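So you can see what is in the structure, the chains are spelled out below.
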Amino acid sequence: MSASDANGSAKTQASSGGIGIANLPNQLHKIVTKKGTNFSLMVVGESGTGKTTFINTLLTTELIEPLDDASRRKKQLDRTVDINIHKAELEEKMFSVKLNVVDTPGFGDYVDNNDCWLPVVDFIENQYEQYLRQEQQPVRKGVVDMRVHACLYFIRPNGHTLKPLDVRAMKAIGARVNLIPVIAKADTLSPAALRQFKKRVMDVIDAQSIRIYQPPIESDDEHTMLRNKDIISAMPFAIIGSDKEVRTEDGRLVKGRLYPWGVAEVENDQHCDFKKLRSLLIRTHMLDMISTTEEIHYDKYRITQMKTRKFGEPKLKKADNKKFREEEDNLRSRFTEKVKLEENRFRQWEQRLIAERDRLNKDLEQEHNLVKQLESEIEAISNTGSPNGKFFRK
C-alpha cells in the first residue's frame with residue numbers, strides 16, 4: 001500500500017466518520033459563555049447632544065444620572081474635559097458582558113476649544129499603555145482590560161456640515177479607536193434635510209481622510225452581507241434618544257418624543273437609525289470591534305512603543321497637556337502677581353525709609369548748624385565782654 005493510498009484512506013475516514021474537529025465551535029462557545037467578555041464604549045460630544053439619554057436608552061436603565069442645568073453650568077466654569085467611567089454588568093441567556101461606559105463632560109463647551117480632544121486621546125493611549133505594561137509582567141493573571149473598543153462621536157445637528165473642531169477631533173480619535181459618527185437629535189431635522197446633512201458629513205469624512213469603523217461586508221451568508229451593507233449605508237447614524245414611553249395615535253406604547261404633529265419613535269427605522277446602531281454595537285459586531293481593537297489599534301500602538309523604547313521602560317509623559325498647561329499658566333500668573341505685589345510693597349517700604357533718612361539727615365544738619373551758631377554767639381560774647389580776650393581764650 002503506497003503512501004498516497006494511505007493518505008487518501010485517512011482523508012476518507014476523517015471526512016466520513018469525523019474526529020471531532022467540527023465540535024470546536026461548540027467548545028469555544030462554552031468557554032466564551034463561561035468567561036464572558038469586556039466591552040468599553042466611549043461617548044464624545046458637546047453638552048446637550050443627548051449622550052446620557054442615548055446610553056440610558058441603549059441599556060434600558062439609568063446608568064448615567066442626567067445633570068441638571070445648574071450642575072451643567074457649574075461644570076462649564078471649570079474649563080476642563082473630565083473622564084468619567086461608569087461600569088455595569090449585563091447578562092442575557094447565561095452570557096455576561098462587563099460594560100464600561102466612558103463619558104467626557106466638558107468636551108467642546110468653551111469659546112476656545114483648541115486641543116480639547118487631547119484628554120480623550122490621552123485616556124485611550126493610557127489604557128493601551130496600562131495593558132501593555134500588564135502584558136510585560138511575569139504573572140499576567142487578573143489583567144485589567146480597559147481598552148476602548150468603540151467611540152461614538154455625537155455631531156450637533158446644525159444642518160450644515162462638520163465644524164473644524166469635529167474634523168480635528170475625529171481625525172485624532174479615529175486613528176486610535178473604532179470611531180462611529182452619530183448625528184444627535186435627528187428629530188430636529190426634516191427627512192430631506194437629514195439626508196442632505198448625512199451626505200455632507202460623509203463627504204467631509206472622505207475628503208479629510210477621517211478613519212471610521214467599517215463593518216466587514218464579505219460573508220458567506222447573503223442575509224448577513226445585506227445587513228452589513230444596510231448598516232454602512234446608514235452612516236452617520238441619525239438617532240433619537242428618549243427613555244420615556246409615550247402613546248401613539250394607534251394606541252401603541254413606545255419609547256419616543258411626543259410632538260403636536262405626532263410621535264418620533266426611537267425604535268422605528270423610518271424615524272431614526274437607533275436600532276441599526278444598537279445592532280452594530282451589541283447584536284452583530286461587538287466581537288468584531290473587540291478583535292479590531294486588539295489586532296489593529298492596540299497592535300499599532302504596541303509596535304510604535306516597542307520601536308522607540310526598551311522592554312519594561314516606562315512611557316515618557318507628554319508635557320504638552322492642555323489641562324496641565326492651563327494649570328501651570330494659572331499658577332505662573334498667580335505667582336507673578338504675588339511677586340509684583342511684594343515688589344511694590346518693598347519699593348514703598350524702601351521709599352519710606354529713604355524719606356525718613358532724608359528727614360533725619362535734614363534735622364541733624366539743622367541741629368548741627370544750630371550748634372555752630374550757638375558756638376559762634378558764645379565766642380562773640382566771650383570776646384566782647386572780656387578785658388583781655390587772649391587770657392580768656394587761653
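Quantities reported herein were computed from a predicted structural model and do not represent experimental measurements. (Residues numbered from 1 in each chain as written. Predicted model: local features only at pLDDT ≥ 70, side-chain atom pairs only at ≥ 80, totals over all residues. Heavy atoms only, no water.)

### Description of unusual backbone geometry
Right, so step 1: The omega angle of the peptide bond from Met235 to Pro236 is -10 degrees, so this bond is cis rather than trans.
Right, so step 2: Looking at the secondary structure, you find Pro236 in the loop between helix H8 (222-233) and strand E6 (237-238).
Right, so step 3: Positive phi is not limited to glycine here, since Thr60 has a value of about 55 degrees.
Right, so step 4: Residue position: Thr60 is located in the loop between helix H3 (51-59) and helix H4 (69-78).
Right, so step 5: Positioned with a positive phi, Lys185 is a non-glycine residue whose angle comes to about 50 degrees. (Helix = DSSP H or I, 4+ residues; strand = E, 2+ residues; numbered from the N terminus.)

### Examining the packing of helix H5 (residues 118-135) against helix H10 (residues 286-308)
A pair of packed helices can be characterised by two numbers: the angle between their axes and the separation between those axes.
Right, so step 1: Between H5 and H10, the shortest axis-to-axis distance is 10 Å and the interhelical angle comes to 75 degrees. When the interaxial angle is binned, H5 and H10 end up roughly perpendicular. The residues of H10 that touch H5, namely those facing Glu125, Tyr128, Glu129, Tyr131, Leu132 and Glu135, are Thr293, His297, Tyr298, Tyr301, Arg302, Gln305 and Met306.
Right, so step 2: Of the residues assigned to the contact of H5 with H10, the class counts are 6 nonpolar, 3 polar and 4 charged. (Axes fitted to C-alpha atoms, helices over the stretch in contact; angles between N-to-C directions. Parallel < 35°, antiparallel > 145°, perpendicular 65-115°, else oblique. Contact = heavy atoms within 4.5 Å. Nonpolar A, V, L, I, M, F, W, Y, C, P; charged D, E, K, R; others polar.)

### Observations concerning the sheet that holds strand E5 (residues 179-183)
Right, so step 1: One open sheet holds the 6 strands; their spatial order is E2-E3-E1-E4-E5-E6, and the pairing between them is mixed. The sheet is open, and its two edges are formed by strand E2 (84-92) and E6, each paired on a single side.
Right, so step 2: Bridge analysis of strand E4 (residues 150-155) against E5 gives 5 bridges, and the strand direction is parallel. Paired with Cys151 across the strands is Leu179, a residue of E5. (Pairing = 2+ DSSP bridges.)

### Some details on the sheet that holds strand E8 (residues 253-259)
Right, so step 1: Ordered in space as E7-E8-E9, the 3 strands form an open sheet in which the pairing is antiparallel. At either margin of the open sheet sits one strand with a lone partner, and together these are strand E7 (245-247) and strand E9 (262-265). The mean inter-strand angle of the sheet, taken between neighbouring strand axes irrespective of direction, is 65 degrees.
Right, so step 2: Sheet topology note: the E8/E9 ladder contains 4 bridges and is antiparallel. If you follow Leu258 over to E9, its bridge partner there is Val263.

### Structural notes on empty space enclosed by the protein
Right, so step 1: With the rule as written, the count across this model stands at 3 cavities of 30 Å³ or more.
Right, so step 2: Thr49, Gly50, Thr53, Ala184, Lys185, Asp187, Ile239, Ile240, Gly241 and Arg257 are the residues that line the largest cavity.
Right, so step 3: Among the residues making up the lining of the largest cavity, the classes are represented as 3 nonpolar, 4 polar and 3 charged.
Right, so step 4: Looking at the second largest cavity, its volume works out to about 70 Å³.
Right, so step 5: Taken together, Phe39, Leu41, Leu58, Leu59, Leu90, Val97, Leu99, Leu281, Ile282 and Met286 form the lining of the second largest cavity.
Right, so step 6: If you list the elements that add at least two residues to the lining of the second largest cavity, you get strand E1 (37-44), H3, strand E3 (95-103) and helix H9 (274-284).
Right, so step 7: A per-class count over the lining of the second largest cavity returns 10 nonpolar, no polar and no charged. (1 Å grid on protein atoms, 1.4 Å probe; cavity = no way out; pocket = protein on both sides within 12 Å on 5 of 7 lines; lining within 4 Å. Points joined across faces, edges and corners; volume = space filled by probe spheres on them.)

### Let's talk about the pairing of E1
Right, so step 1: Burial of E1 is extensive: 7 of the 8 residues sit out of reach of the surface.
Right, so step 2: Here 4 bridges tie E1 to E4, and the two strands are oriented parallel to one another. The partner of Leu41 across the bridge, within E4, is Ala150. (Buried < 20%, exposed > 50% of the residue type's maximum accessible area, 1.4 Å probe, protein only.)

### Structural notes on H8
Right, so step 1: If you check H8, its first and last C-alpha atoms are 16 Å apart, about what 12 residues at 1.5 Å a residue would give, namely 16 Å.
Right, so step 2: Within H8, burial applies to Thr224, Asn228 and Ile231. The arc that holds the buried residues of H8, viewed along the axis, is 60 degrees, so those residues lie on one side. Among the exposed residues of H8, those pointing more than 90 degrees away from its buried face are Glu222, His223 and Ser233.
Right, so step 3: Of the surrounding secondary structure, the elements contacted by the buried residues of H8 are E6 and H9. (Expected span 1.5 Å × (residues − 1). Arc of directions from axis to C-beta.)

### Quick word on the nonpolar core
Right, so step 1: Formed by 77 residues in total, the largest nonpolar core has its most connected members in Phe54, Phe107, Leu152, Ile173, Ile180, Leu277 and Leu281.
Right, so step 2: Among all residues touching Leu277, those that are not within four sequence positions of it are Phe54, Leu152, Ile180, Val182, Phe237 and Ile239. (Core = buried A, V, L, I, M, F, W, Y, C linked by side-chain atoms within 4.5 Å.)

### Some remarks on the environment of Gln130
Right, so step 1: Looking at the element boundaries, Gln130 is found in helix H5.
Right, so step 2: Sequence separation of Gln130 and Val144 is 14 residues, and the distance between their C-alpha atoms is 8.5 Å.

### Points about the pattern of salt bridges
Right, so step 1: Inspection of every chain in the model, using the stated rule, returns 17 salt bridges.
Right, so step 2: Glu294 is the partner of Arg147 in a salt bridge, and the nearest nitrogen-oxygen pair spans 2.7 Å. One end of the pair, Arg147, is in the loop between H5 and E4; the other, Glu294, is in helix H10, and 147 residues separate them in sequence.
Right, so step 3: Note on Arg147: relative accessible area 4%, which makes it buried.
Right, so step 4: A residue is classified by how much of its surface remains accessible, and Glu294, at 30% relative accessible area, is partly exposed.
Right, so step 5: Note that Arg302 is salt-bridged to Asp299, the shortest N-O span being 2.8 Å. Taken together, the residues Arg302 and Asp299, both in helix H10 and 3 residues apart, mark about one turn of the helix.
Right, so step 6: The exposure class of Arg302 is partly exposed, given its relative accessible area of 28%.
Right, so step 7: One network of salt bridges, in which partners are shared, links Glu46, Arg156 and Lys163. (Salt bridge = Lys/Arg side-chain N within 4 Å of Asp/Glu carboxyl O.)

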